[in-house]
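Summary of the model geometry
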Amino acid sequence: MNLRVMKNGIWATIQGEGKLIGTPSVFLRVAGCNLRCTWCDTPHSLPDYDPAKGFLPVITNKAENLTVREVADRIEILTNYSLDHVVITGGEPTLHIPELKALGELLGRDVHVTVESNCTLPPLGLAWHTDLASLSPKVFHWRGKHKSIVHAYKAWARSTDVQLKIVVASLEDIRVAAQMISELSYHVEPVWAGLQIESSWLRNGWLEKEHRPALFEFLASHNIRLMAQMHPILKVA
Ligand code: SF4
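Here the structure is a predicted model, which means the values were calculated and not measured.

Attention now goes to the overall build of the chain. Helix and strand counts for the chain stand at 7 helices and 11 strands. Based on the C-alpha atoms only, the size of the chain along its principal axes is roughly 50 × 35 × 35 Å. Burial statistics for the chain: of 237 residues in total, 34% are counted as buried. When contacts within the chain are restricted to residue pairs at least 6 apart in sequence, long-range pairs at least 24 apart make up 72% of them.

What follows is the structure, encoded as structure tokens:
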């Protein structure tokens, strides 16, 4: 069984987001995503998946097919150096469910597995092999894909811990994110919920300006955390 993995897509680094921020981890970046977010920080992982057609028949030179055993071996070489956290990211991991379930069997229960997903597709059993689902539904999908996001969220939350990590780039985004977090929490309270400021908005000095009091009040009243990605700040991959 083969898994579509980005070239150099298995590496050791530090988790830069969410409740496990700062944790040394092995990352696995699978290829292809069903969305096309404008701020995507991994656009190189998208081209060989067309949301209308699925995976393209021609494999781009940016991704490679590895057997699930090869992927597990590469992860195990890195986890031998006392790393016990594995993060499966993309692209979109739920496009590879059978392969990732097989990988979960090979890795066993000694490692902590986080799966990062855009929460538009259900996990279909992958949640059983996941210790933390890090779900990032997009604010611009909340109206159009509302049902599929709620459905996917509930399916993840039935079988594993979930954290919500929503990227925001405007006050309107924050308003919609609050709606999302509150509605999703109605079904199952996430273990962690946070807003991640989109980097261009951060660079523009938004936090230094007039919105700060309103933002602090909002965070306190909704029990939501605010964060920026750690990787660009520390300049680690
Ligand atoms: S869901 Fe993630 S990987 Fe997919 S396009 Fe959006 S930011 Fe990129």
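Back to the text.
The strand order across the open sheet built from 9 strands is S5-S1-S2-S6-S7-S8-S9-S10-S11, with neighbouring strands paired in mixed fashion. Unpaired on one side and paired on the other, strand S5 (63–67) and strand S11 (225–227) mark the two borders of the sheet. Here the strands of the sheet are splayed against their neighbours by 30° on average, with no regard to which way each runs. Pairing geometry for strand S7 (residues 112–117) and strand S8 (residues 132–135), over 4 bridges, is parallel. Paired with Val115 across the strands is Ala133, a residue of S8.

Here we take up the pairing of strand S10 (residues 192–197). Along any regular strand the residues' side chains alternate between the sheet's two faces. Burial runs high along S10: 5 of the 6 residues are buried. Pairing geometry for strand S9 (residues 161–168) and S10, over 6 bridges, is parallel. Considered in S10, the bridge of Ile166 is made with Leu195. In this fold, the crossover linking S9 to S10 by way of helix H4 (residues 171–187) has right-handed handedness. Where S10 meets S11, 3 bridges bridge the pair, whose relative direction is parallel. Following the sheet pairing, Leu195 is matched in S11 by Leu226.

For the rest of this paragraph, the subject is the pairing of S8. By the alternation rule, side chains of S8 split into Leu132 and Ser134 and Ala133 and Leu135, which are all buried. In this sheet, S9 lies alongside S8 in parallel orientation, the contact comprising 4 bridges. By the bridge assignment, Leu132 is partnered in S9 with Asp161. Following the backbone out of S8, through helix H3 (residues 146–159) and into the adjacent parallel S9, one traces a crossover that is right-handed.

Okay, the site of the ligand next. Taken together, Cys33, Leu35, Arg36, Cys37, Cys40, Thr42, Leu46, Gly90, Gly91, Glu92 and Asn118 make up the full set of residues adjacent to the ligand. Looking at the shell around the ligand residue by residue, the class counts come to 5 nonpolar, 4 polar and 2 charged.

Glancing now at the environment of Ile97. Summarising the element assignment, Ile97 is placed in helix H2 (residues 97–107). Setting aside residues no more than four positions away along its own chain, Ile97 makes contact with Leu124, Gly125 and Leu126.

This part is about helix H6 (residues 212–222). Working note: α-helix, 3.6 residues per turn, so residues spaced by three or four point in the same direction. The element H6 is barely covered by neighbouring structure, given that only 0 of its 11 residues are classed as buried. Residue Asn223 follows H6 closely and has a positive phi angle near 55°.

Before going further, it helps to examine the packing of helix H1 (residues 68–79) against H2. Contact pair H1 / H2: the axes reach a minimum separation of 9 Å and the direction vectors enclose 45°. Regarding the angle of H1 to H2, the classification is oblique. Handedness of the H1/H2 crossing: right-handed. For the pair formed by H1 and H2, the contact residues are Val68, Arg69, Val71, Ala72 and Ile75 on the first element and Glu99, Ala102, Leu103, Leu106 and Leu107 on the second.

In this structure, Gly91 follows Gly90 across a cis peptide bond, with omega equal to 10°. One can find Gly91 in the loop between strand S6 (85–89) and H2. The phi dihedral of Asn8 falls on the positive side, at around 55°, and the residue is not glycine. In this fold, Asn8 is placed in strand S1 (residues 2–14). Owing to 10 C-beta atoms within 10 Å, Asn8 belongs among the exposed residues under this scheme. Of note, Cys119 is a non-glycine position whose phi angle comes to about 65°, a positive value. The topology assignment puts Cys119 in the loop between S7 and S8.

Thresholds applied
Residues numbered from 1 in each chain as written. Predicted model: local features only at pLDDT ≥ 70, side-chain atom pairs only at ≥ 80, totals over all residues. Helix = DSSP H or I, 4+ residues; strand = E, 2+ residues; numbered from the N terminus. Buried ≥ 20, exposed ≤ 12 C-beta atoms within 10 Å, placed from the backbone. Contact = placed C-beta atoms within 7 Å. Pairing = 2+ DSSP bridges. Axes fitted to C-alpha atoms, helices over the stretch in contact; angles between N-to-C directions. Right-handed = clockwise from strand over helix to strand, strands pointing away. Near = placed C-beta within 6 Å. Nonpolar A, V, L, I, M, F, W, Y, C, P; charged D, E, K, R; others polar. Parallel < 35°, antiparallel > 145°, perpendicular 65-115°, else oblique. Left-handed = near helix turned anticlockwise from the far one by under 90°.

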